[in-house]
Amino acid sequence: MEIQEVLKSLSEENDYLKNLQEQRNHTEALSVSQSMITKVDSVDLTNQLSKLQRAQLFFYKGRALAVQDTYDKAAEDYLTKSVKLDPTNFEAWNWLGEIFYLKKDYAQSKRCFEGSMQYSGETPEALRKLSMVMRFLGEHEERKQNVRESVEIAKKAVSLSMRDGQSWYILGNAHLTNFFVNNPSSEELNRALKSYTQAEKFLPYDDPDLHFNRATALKYFENYQEAVWEFQKAHALDSTLQADSEVSKISERVQLVSACIAAKCNIKKKTLSNIVRSIPELIKHNHFGSSYELKSVSELNQRSNKEVILACKVLGTVTKNIVETPAIFIACDSQGFFFALSIYNANSSIHQQIQFNSGVFVKNPLTGRVSLTTGTSNLEYISVRIADPSHIMVDNKDITQAFSPSEVVNKAY
């Protein structure tokens, strides 16, 4: 076969491989990848090939070797040779950036995607990949800034192609990561959910990673029923994501919280009565400002309660350590009403700061009704959420040192 015919065939297979990978058809993708490698290997590189032809052959072999979601040294070598021979091949730069990303060499990956745009301009694909990498660059304040920048880069990718489902998906991931790293308001989670909805509208296939990350956002809102449905969809599409274990965790946690609330933490009636009487019904020393009004849970609105303080006592702990967000305590208000106190962005010291019979004041409490159907059981309880350390005092003390940003783990980036 003449070299031009080989290159044409490889170009067609490369396009086909891209579609197969987007559709997560791993078996067929591996078959096409092997076909491309065989074709490249059939060419005698000692023949009189042009510099551009050798660059193309190296690109196709490197790209074919990169079909797996794992780092491949040979793929890196072939793609590096390709861009050295033809630095204008932006697709080779993009795939080399992917390889360095899998190698966790994020700085080099960033340089590759920037190299791609140097020759192709700002394409949605290169911007998406750059946004993805930016979320992993730097530490501490530098990383926080990079994550914020990743959102802006993803927005730019969407603006170039408003009907590009992949760009919307990457934007959703950027908002999701920004929420957990930089702790903006919950509106950032709403932006992530809206982006995932747009992505689903335009993607030509059902993406399990989208369902998984959407479920992660819903879980933070304690919208556990919808989160379970989304995790179940993700598991049905791709069992390697282990989304079924997330369903089990949610179910076990909701059942445990519900049982603790129903049993009133198994506290004796006389002891509970004394505890309830110790909860203030009036504010004597208002640490939050004179405009705040003390209320019980039954007097709160669903969701936000501005210029309100909830006084309660913590009577039980559901989470014994901080492996997973949130830390959940069982609390009781001045009316003897039991509810869940869900504290986000907490570090391991939270359980030393909040113990049995701790008096807690919550400023501007965020309330919601948690519900979950598991088998024949319909579980429900009230939850009060705390994400901002300035919104809580324990035994009249500030406990901001018990808070830290909570990292979200995306299954796909």
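None of these values were measured; they are calculated from a predicted model.

Participant: Quick question: what am I supposed to make of the state of the cysteines here?
Facilitator: One covalent bond between the sulfur atoms of two cysteine residues makes up a disulfide. Evaluation of the coordinates by the stated rule reveals zero disulfides. Cys312 forms no disulfide, and the closest cysteine sulfur to it belongs to Cys332, at a distance of 8.5 Å.

Participant: Could you clarify how one ought to interpret the layout of surface pockets in this entry?
Facilitator: A probe as big as a water molecule, rolled over the atoms, marks out the empty space that is left. For the largest pocket, the calculated volume is near 1500 Å³. Lining the largest pocket are 42 residues, and of these Gln21, Arg24, Asp69, Glu98 and Asp209 sit closest to its centre. At the level of secondary structure, the elements contributing two or more residues to the lining of the largest pocket comprise helix H1 (3-22), helix H2 (26-41), helix H5 (90-102), helix H7 (124-134), helix H9 (165-182) and helix H11 (208-220). Here the lining of the largest pocket takes six residues from H5, the largest share from any one element. Class assignment for the residues of the lining of the largest pocket results in 19 nonpolar, seven polar and 16 charged. Reported here for the second largest pocket is a volume of approximately 1000 Å³. Residue lining of the second largest pocket: 39 residues in total, with Ser186, Tyr220, Phe221, Leu366 and Arg385 positioned closest to the centre. Of all the elements in the fold, those that place two or more residues in the lining of the second largest pocket are H9, helix H10 (187-202), H11, helix H12 (224-237), strand E6 (366-374) and strand E7 (377-386). Broken down by element, the lining of the second largest pocket gets its largest block of residues, six residues, from E6.

Participant: I'm lost on the pattern of salt bridges in this one. Help?
Facilitator: Close approach of charged atoms allows side chains with opposite charge to pair. Taken as a whole and judged by the stated rule, the model has 20 salt bridges. Of the charged contacts, one joins Arg214 and Glu230 as a salt bridge, the two residues approaching to 3.3 Å between their closest N and O atoms. Of this pair, Arg214 sits in helix H11 while Glu230 sits in helix H12; the two residues are 16 residues apart in sequence, bridging distant segments of the chain. In terms of burial, Arg214 and Glu230 fall into one category: buried. Salt-bridge contacts for Glu246 lead to Lys219; the nearest nitrogen and oxygen are separated by 3.2 Å. Taken together, the residues Glu246 in helix H13 (residues 243-262) and Lys219 in helix H11 connect sequence positions 27 residues apart. We note that Glu246, like Lys219, is buried. Ionic contacts of the salt-bridge type, sharing partners, join the residues Glu200, Arg214, Glu230 and Lys233 into one network.

Procedures and definitions
- Residues numbered from 1 in each chain as written.
- Predicted model: local features only at pLDDT ≥ 70, side-chain atom pairs only at ≥ 80, totals over all residues.
- Heavy atoms only, no water.
- Disulfide = S-S within 2.5 Å.
- 1 Å grid on protein atoms, 1.4 Å probe; cavity = no way out; pocket = protein on both sides within 12 Å on 5 of 7 lines; lining within 4 Å.
- Points joined across faces, edges and corners; volume = space filled by probe spheres on them.
- Helix = DSSP H or I, 4+ residues; strand = E, 2+ residues; numbered from the N terminus.
- Nonpolar A, V, L, I, M, F, W, Y, C, P; charged D, E, K, R; others polar.
- Salt bridge = Lys/Arg side-chain N within 4 Å of Asp/Glu carboxyl O.
- Buried < 20%, exposed > 50% of the residue type's maximum accessible area, 1.4 Å probe, protein only.

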